[in-house]
Amino acid sequence: MEKRMLLTLMVFSSLAVLAETIAQKHAIEIYSLHVDCKVSSRFAHTVITSKIVNRANESREATFEVELPKTAFITNFSMSIDGKVYPGIIKEKASAQKEYDTAVSRGQSAGLVKITGRKLEQFHVSVSIAAASKVTFELTYEELLKRQLGKFEVLIKVRPKQLVKHFQIDVHIFEPQGIRFLETDSTFMTNELTKALTKVQNETKAHILFKPTVDQQKINPELDETLLNGDFVVRYDVKRGAAAGDIQIVNGYFVHYFAPHEMPVFPKNVFFVIDRSGSMAGRKIEQTRDALLKILQDLRPEDHFSFITFNSKVAEWKSSLLQASTENVASAAGFVQTLSASGGTDINRALLAAVSVLDKAEGLPERSVSMIILLTDGQPTSGESNVEVIQENIQNAVNGKYALFCLGFGFDVSYKFLEKMALSNGGIARRIYENADAALQLQGFYQEVATPILMKIEMQYPENAVERLTKNNFKLFFEGSEIVVSGKIINELDLLPVEIKAQSHASDLTLKEEANVKEKEQVFQNQIYIFGNFIERLWAYLTIQQLLEKSISAQEEDQKTLEAQALELSLRYSFVTPLTSMVVTKPADQQQTELANKPTEADNEKPRIFPVGDAYRLRSGSPSGRWRSEPQSGSNKKLLSVVARLRGKMRVQPLANEYPQLLLQLPKQNETICLNTDGKAYPSVHLLSDPEQGLTVMGKLGDRTNHFVQFEINYVNPPAQIHVSTDEIVLRHNNKSTWLPWTESSTSTVQGLRVSVEKGRSITASLSDTVTVKISFVKFPDDFLGLYFLNTNRFSDKVSGVLGQFYSKAQFESNSNINQRADERLLSVSGSKHRVTRQYKKDYRLESNTDPVSCWSVDVTP
């Protein structure tokens with residue numbers, strides 16, 4: 001997960017009225033706003049101080065909002081009103097809630113902290129201040145920055161919403177290993193604001209200062225509106241010296257950073273398990289297709305891969321994993337283009353099928369990394385629906401052999417379920433947000449796990465000299481990340497030895513290093529960048545994070561023990577974690593107590609129709625014939641399981657008894673067209689011409705079947721023709737002919753035009769910057785050919801023909817007729833209007849024809 005320092009600073013009056021003057025709007029004035037971030041050896045300590053004055057002649061309410069990383073722990077908060085300090089006190093969560101319930105009637109808390117985005121949570125507090133009074137807010141939080149794709153990143157998202165007289169951001173960085181590179185960026189920077197930015201850097205230290213004047217902050221010299229609305233970014237990485245990493249020591253606590261580089265990458269055996277249930281329909285399945293097409297291009301030739309797609313049924317793309325050759329990747333791209341969504345969600349059977357294929361796989365590289373990547377957007381509704389049974393089934397099947405990564409698309413998934421399943425099987429879980437960049441999120445996740453360079457890593461330290469060691473065994477290490485281990489030295493040592501054992505692609509490794517304790521301690525003496533015993537706090541932060549993560553997949557008794565240990569450390573080091581709360585006390589004349597809790601990713605979900613752990617009965621007769629749930633007394637888990645199964649089975653699978661003549665995906669409309677033409681009266685049908693692509697496709701219908709049995713594909717550059725029939729494939733170029741039989745897989749290339757035949761299944765013709773032509777060979781009930789295209793965004797506006805016109809001149813008309821049936825629409829093509837109907841057909845683009853494709857059926861005349 002991308003770990004960033006993020007904060008949004010927003011203090012404003014909640015009593016704004018539309019008729020207010022500019023002066024009245026800023027009666028609550030922020031006259032000073034300071035962000036002070038000290039990063040010492042990756043551990044970041046951030047203090048935000050906001051000073052506010054009420055310039056109105058009456059009391060006003062000031063609201064202080066700060067967005068901080070989900071991975072950060074708040075350590076302190078206070079507000080000072082006219083010299084009196086009101087501190088936040090961190091307590092055990094249940095105790096804090098009890099105190100709050102006593103202080104506030106009915107115990108209803110809005111909460112001071114909530115999740116606001118994929119990486120953010122927001123701290124929010126309001127207080128009423130008298131006329132001419134001042135208040136100072138101060139919030140502190142800490143976080144261990146995580147290296148991702150070769151860099152650390154501090155992202156400060158600033159939004160004061162008014163001009164600030166004294167505005168300042170300080171970022172101090174101290175990295176004893178040396179700073180390899182450092183850069184700053186901003187989404188709101190102007191030439192004028194650039195003058196307010198200074199950067200001072202030497203071998204190990206850097207200071208970034210951003211201090212704009214009021215005039216520099218203005219959008220326009222005549223208006224009191226601020227430019228400061230966006231991201232302020234600092235990125236850096238450190239130098240890497242010793243092969244065994246770098247050890248740093250302060251006051252008896254050590255931290256060991258290990259990030260090898262320039263090592264050979266393990267071949268990967270990647271199994272993609274993709275949800276195509278009905279809830280994935282629309283933009284989600286489209287974004288999934290886009291992401292998978294990009295990921296396929298990133299596979300290395302030595303990698304092996306395959307797909308399983310699932311709804312209430314499980315479909316294997318191939319019966320085994322295939323090497324990521326050009327031909328296999330092109331074939332997979334064709335398969336991905338055909339993904340459509342319908343039906344229920346059988347996660348259990350899909351994952352078990354993937355494990356089974358990996359177990360039986362032959363011919364995989366001896367030293368390789370096998371992983372399963374699951375993408376789903378919902379609850380298990382078909383097959384086994386008890387999440388605990390599924391988790392146990394998958395853990396028993398995987399048995400430590402493979403890493404399982406679980407991606408939850410949107411907010412209808414049970415993140416707890418996916419997270420526990422991933423952590424129990426050596427992987428991680430990640431939520432994919434339903435935004436325009438969802439495809440980029442999926443690609444970004446794959447890039448993080450695309451380059452494994454070490455496996456079975458053991459970080460060993462002398463048992464009689466070190467205690468309180470954090471996690472020191474790791475299943476995999478990916479290029480661009482970093483392993484962090486911390487602990488306490490218990491004996492007087494001159495040298496702290498470390499030994500690292502791991503497996504690389506080439507061999508087994510043993511790396512050794514010794515750290516001179518006194519020399520390492522001396523590094524951090526008298527550094528203005530250092531805040532107290534920062535390595536001890538880093539150790540506590542890391543330990544709490546790992547205890548909480550471990551508790552997710554632990555049995556109930558072990559879970560209680562782990563949480564108790566994490567709670568004790570949270571209280572000792574004053575961290576607001578999911579086990580603690582901060583009690584914020586206000587002046588006596590206001591609501592006196594509020595709570596700041598730490599939300600988790602699992603809290604960031606839509607309520608489910610049938611909540612786990614409660615018993616519900618179904619009642620019919622509600623509006624529109626929908627089911628509704630009512631709480632029942634007692635517990636009835638079996639009923640929940642039955643309900644989940646019923647919900648899966650209630651999705652009716654349509655029958656499809658025939659293939660269409662032609663299938664195409666309308667550009668940018670996520671709609672599939674099934675095209676039929678009465679072309680038997682013609683020797684051949686002009687299907688497509690695009691002069692800018694230099695491509696023409698003609699087709700011939702069969703005498704005994706109402707499907708195409710022959711295609712002629714003509715290219716201008718290079719001048720080549722491809723004749724494809726159910727009997728043979730012939731490539732002609734410069735008066736030479738090359739025969740490519742259907743009975744074997746083969747490839748032929750002429751001047752960049754690549755023609756690949758997959759034995760008895762399909763032919764692919766691809767040319768750089770040109771649309772890819774794909775033809776499937778269907779053998780039942782009668783032999784025929786199915787034509788479709790990939791990379792259709794490359795078609796020009798001049799594309800024409802019976803099929804080609806749909807790529808440039810087809811558009812669904814808005815449904816203005818309220819009486820029009822849902823399965824009927826009006827489609828405009830080249831000026832002609834066609835009434836089209838929703839039908840279900842067999843999909844000749846797929847090897848398996850068990851799942852129909854939903855399409856709009858169109859009849860056209862050549």
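Check the entry above for the structure.
Reading the values: rules and limits
Residues numbered from 1 in each chain as written. Predicted model: local features only at pLDDT ≥ 70, side-chain atom pairs only at ≥ 80, totals over all residues. Heavy atoms only, no water. Helix = DSSP H or I, 4+ residues; strand = E, 2+ residues; numbered from the N terminus. Expected span 1.5 Å × (residues − 1). Buried < 20%, exposed > 50% of the residue type's maximum accessible area, 1.4 Å probe, protein only. Contact = heavy atoms within 4.5 Å. Salt bridge = Lys/Arg side-chain N within 4 Å of Asp/Glu carboxyl O. Disulfide = S-S within 2.5 Å. Pairing = 2+ DSSP bridges. Axes fitted to C-alpha atoms, helices over the stretch in contact; angles between N-to-C directions. Parallel < 35°, antiparallel > 145°, perpendicular 65-115°, else oblique. Nonpolar A, V, L, I, M, F, W, Y, C, P; charged D, E, K, R; others polar. Patch = residues over 30% accessible without salt bridge, like charges linked within 9 Å, V, L, I, M, F, W, Y side chains within 5 Å. Areas by Shrake-Rupley, 256 points an atom, 1.4 Å probe, with all protein chains shown as cover. Lys, Arg positive; Asp, Glu negative; His and termini not counted. Charge placed at Lys NZ, Arg CZ, Asp CG, Glu CD. Phe/Tyr/Trp six-rings, centres within 6.5 Å; stacked < 30°, edge-to-face > 60°. 1 Å grid on protein atoms, 1.4 Å probe; cavity = no way out; pocket = protein on both sides within 12 Å on 5 of 7 lines; lining within 4 Å. Points joined across faces, edges and corners; volume = space filled by probe spheres on them. Core = buried A, V, L, I, M, F, W, Y, C linked by side-chain atoms within 4.5 Å.

**Some words on helix α6 (residues 326-337)**
And step 1. Look at α6: 17 Å from first C-alpha to last across 12 residues, which is about the 16 Å you get at 1.5 Å a residue.
And step 2. Regarding α6, the residues found buried are Val329, Ser331, Ala332, Ala333, Gly334, Phe335 and Val336.
And step 3. Buried residues along α6 sit in contact with α5 (283-298), β19 (304-310), β44 (753-758), β46 (772-778) and β47 (784-790).

**A word on the pattern of salt bridges**
And step 1. Counting across every chain of the model gives 33 salt bridges.
And step 2. Across the pair Asp237 and Arg147 runs a salt bridge, and its minimum N-O distance is 3.0 Å. In this pair, Asp237 sits in strand β15 (residues 230-238) while Arg147 sits in the loop between β9 (134-144) and β10 (152-158), placing the two residues 90 residues apart along the sequence.
And step 3. Of the residues examined, Arg147 reaches a relative accessible area of 9% and is grouped as buried.
And step 4. One salt bridge connects Asp224 with Lys218, and the closest N-O pair in it is separated by 3.7 Å.
And step 5. Bridged by salt links that share partners, the residues Arg42, Arg147, Glu175, Arg180, Asp237, Arg240 and Glu482 form one connected network.

**A word on the state of the cysteines**
And step 1. Summed over all chains, the structure comprises 1 disulfide.
And step 2. Here Cys674 pairs with Cys855 through a disulfide, and the sulfurs are 2.0 Å apart. On the sign convention where negative is left-handed, the bridge of Cys674 and Cys855, at about -105° about the S-S bond, is left-handed. Linking Cys674 in strand β36 (residues 671-677) with Cys855 in strand β51 (residues 853-860), this pair joins segments that are 181 residues apart in sequence.

**Details of the pairing of β46**
And step 1. Counting buried residues in β46 gives 7 out of 7 residues, a clear majority hidden from the surface.
And step 2. The antiparallel pairing of strand β45 (residues 762-766) with β46 creates a hairpin that spans 5 residues between the two strands, and Asp769 there sits at a positive phi of about 60°.
And step 3. The pairing of β46 with β47 spans 7 bridges and is classified as antiparallel. Bridge pairing in β47 links Ser776 to Gly786.

**What to know about the packing of α5 against α6**
Each pair of packed helices can be described by the angle between their axes along with the distance between the axes.
And step 1. At a closest axis distance of 9 Å, the pairing of α5 and α6 adopts a crossing angle of 175°. One finds that α5 runs roughly antiparallel with respect to α6. Facing Arg289, Leu292, Leu293, Leu296 and Gln297 of α5, the residues of α6 in contact are Val329, Ala332, Ala333, Val336 and Gln337.
And step 2. Looking at side-chain class alone, the contact of α5 with α6 contains 7 nonpolar, 2 polar and 1 charged residues.

**Re a negative patch on the surface**
And step 1. Residues Asp727, Glu728, Asp782 and Asp783 make up a contiguous surface patch of negative charge.
And step 2. Position of Asp782 among the secondary structure elements: in the loop between β46 and β47.

**Re the packing of aromatic side chains**
And step 1. Overall, the coordinates contain 34 aromatic pairs when judged by the stated rule.
And step 2. Aromatic side chains Phe305 and Trp317 sit 5.6 Å apart centroid to centroid with 25° between the ring planes, which places their arrangement in the stacked category. You can see Phe305 sitting in strand β19 and its partner Trp317 sitting in the loop between β20 (314-316) and β21 (322-323), a full 12 residues away along the chain.
And step 3. Exposure remark for Trp317: the relative accessible area of 5% places this residue in the buried category.

**Concerning empty space enclosed by the protein**
Gaps between atoms show up when a probe of the same size as a water molecule is rolled over them.
And step 1. In this structure the tally under the stated criterion is 2 cavities of 30 Å³ or more.
And step 2. Reported here for the largest cavity is a volume of approximately 110 Å³.
And step 3. Taken together, 13 residues line the largest cavity, and the ones lying closest to its centre are Leu292, Ile295, Ile373, Leu407 and Leu442.
And step 4. Of all elements in the fold, only β18 (268-275), α5, β22 (369-376) and α10 (438-449) reach the threshold of two or more residues within the lining of the largest cavity.
And step 5. Among the elements that make up the lining of the largest cavity, the one with the highest residue count is α5 (4 residues).

**Notes on the nonpolar core**
And step 1. Formed by 60 residues in total, the largest nonpolar core has its most connected members in Ile722, Leu787, Phe789, Phe806 and Leu827.
And step 2. Per-element accounting of this core gives the leading share, 6 residues, to β47.
And step 3. Ignoring anything within four residues of it in the chain, the contact list for Leu827 reads Leu666, Ile673, Phe806, Ala810, Gln811, Phe812, Ser832, Lys833, His834, Val836 and Val858.
And step 4. Judged by nonpolar contacts, the second largest core, of 55 residues, contains Val66, Tyr86, Ile90 and Leu182.

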